[in-house]
Amino acid sequence: MFDLSSVDLLDAFRRELELCKVKQDEHVVVLAEPDSRGDYVAAAFGAAKSLGAHVISATVPGGNPAPMDSTRTGAGPGLTSVLNDKAAQDLLKSADLVVDLTQEGFIHAPVQQEILKTGTRIIFVCDAPDVLVRNLPQESDKERVLAGSGLLKRSETMRVTSGAGTDLTVQLKGSHPEFQVGFADDPGRWDHWPSTMVLCWPEFSDGQLVLAEGDILLPFKEYVREPVTLNIADGHIEKISGGAEAKLLDSFFEDADDEWGRSLSHMGWGLMKTADWFATALYGKSELMGMDARAFAGNFLWSTGPHPILGRESYAHVDIAMRGCTVSVDGTDVVVDGRLVED
Ligand SMILES: [Fe+2]
């Protein structure tokens, strides 16, 4: 028996850490839990070392405070063992770059903001090896996502329509437009490999979202089979109607019993041209978090639950990737019928 998967991944991790601007003598912490992929820990460790960085591999106990199981959901509640341990937090704060290989990450845990404020960069990695390699970012992707977030920043309204019946108007004022680009290069930046998307955190949106066959529900990692209509008022889901997937969503929100479960969270569009809409069908659910689904070029991605801008802490995070939408920002089309439009 031999296991060379970490060696096989070394080039990709080295390229990723170069994109994260890891320099000689910087401090890299590879953060893992017992169920993290051992080959990723080894590949990240080796890549950091080969770039001349000081590297520490830290494994902390698993388990998170969210009521859902750790199935690579994307809810990002953080590990309880880190949330309750100042020494662990201090280690992460002392790093120049944290390679976060935990199953859920810390994106919606307030402690992550504290860590980032010290200048630490964090790159989260969770999807399957082929997904990482196929979607290895390019430096030029940053210009593309900055163009999209810049457009959102100077605009007032985003309108989303589709042939299936979606018609949602989103107020952009105060929505803190941002992006994911797949590498964490600037001090205090969190990012996710792989990802290329533009997003914002609006408070108010009104209209209806109609999910069509083939849209993707996360964290369930399921394709919609029967249309679902969601009526939205003031950024809240007022009513869900439709077939099996409507019942799935309604039950999720009911079971979550979460104050913000039915409130809309981040929304935006995908720019990752290498992403594969089919990936969700090709892999086992435990192998993916689902960044192909979240970021494929021309999707409209919206979500529910946590909203850091409005101070809403919530574990009820659903991401839904829709196809076939037209997304228009103050009259400029950025996605037309599910096709990405770029200058
Ligand atoms: Fe999300």
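Residues numbered from 1 in each chain as written. Predicted model: local features only at pLDDT ≥ 70, side-chain atom pairs only at ≥ 80, totals over all residues. Heavy atoms only, no water.

A. Examining the domain arrangement of the chain more closely. In terms of domains, the chain is made up of domain 1 (5-126) and domain 2 (141-340). The C-alpha centroid of domain 2 is placed 25 Å from the C-alpha centroid of domain 1. At the interface, 32 residues of domain 1 touch 26 residues of domain 2. Where domain 1 abuts domain 2, roughly 2400 Å² becomes buried across the two surfaces, and 65% of that area is made up of carbon and sulfur atoms. Summed over the three residues of domain 1 that lose the most area to domain 2, namely Arg 72, His 108 and Phe 124, the buried surface amounts to 21% of that side. Between the two partners, domain 1 and domain 2, sit 1 salt bridge. Here Lys 21 ties to Asp 185 by a salt bridge, and the two come within 4.0 Å at their closest N and O atoms. Counting across the domain 1 and domain 2 interface gives 11 residue pairs in polar contact (both at pLDDT 80 or more). Taken together, the elements giving at least two residues each to the side of domain 1 that touches domain 2 come down to helix 2 (10-19), helix 6 (110-117) and strand 4 (121-125). (Domains from an automatic or database assignment. Contact = heavy atoms within 4.5 Å. Buried area = accessible area lost by both parts, 1.4 Å probe. Salt bridge = Lys/Arg side-chain N within 4 Å of Asp/Glu carboxyl O. Polar contact = N/O pair within 3.5 Å; in protein donor to acceptor, adjacent residues only side chain to side chain. Helix = DSSP H or I, 4+ residues; strand = E, 2+ residues; numbered from the N terminus.)

B. Highlighting unusual backbone geometry. Residue Trp 193 is joined to Pro 194 through a cis peptide bond whose omega torsion reads 0°. Note the cis peptide between Leu 218 and Pro 219, where omega equals 15°. With respect to the helices and strands, the residue Pro 219 is situated in the loop between strand 11 (216-218) and strand 12 (222-223). The backbone of Asp 257 shows a phi angle near 45°, a positive value even though the residue is not glycine.

C. Region of the structure containing helix 5 (residues 86-94). The complete set of buried residues in helix 5 reads Ala 88, Gln 89 and Leu 92. One face of helix 5 carries all of its buried residues, which in axial projection span an arc of 100°. Along helix 5, exposed side chains directed more than 90 degrees from the buried face belong to Lys 86 and Ala 87. Here the buried face of helix 5 lies against strand 1 (27-32), helix 4 (80-83), strand 3 (97-100) and helix 6. (Buried < 20%, exposed > 50% of the residue type's maximum accessible area, 1.4 Å probe, protein only. Arc of directions from axis to C-beta.)

D. Fine view of the packing of aromatic side chains. A full pass over the atoms with the stated rule returns 6 aromatic pairs. Relative to Phe 252, the ring of Phe 220 lies with its centre 5.5 Å away and its plane at 80°, an arrangement referred to as edge-to-face. You can see Phe 220 sitting in the loop between strand 11 and strand 12 and its partner Phe 252 sitting in helix 9 (residues 244-256), a full 32 residues away along the chain. Per residue, the accessibility class of Phe 220 equals that of Phe 252, and both read buried. With centroids separated by 4.9 Å and ring planes inclined at 70°, the aromatic side chains of Trp 277 and Phe 278 adopt a geometry described as edge-to-face. An aromatic cluster is present here, built from Phe 13, Tyr 40 and Trp 193 joined pairwise through their rings. (Phe/Tyr/Trp six-rings, centres within 6.5 Å; stacked < 30°, edge-to-face > 60°.)

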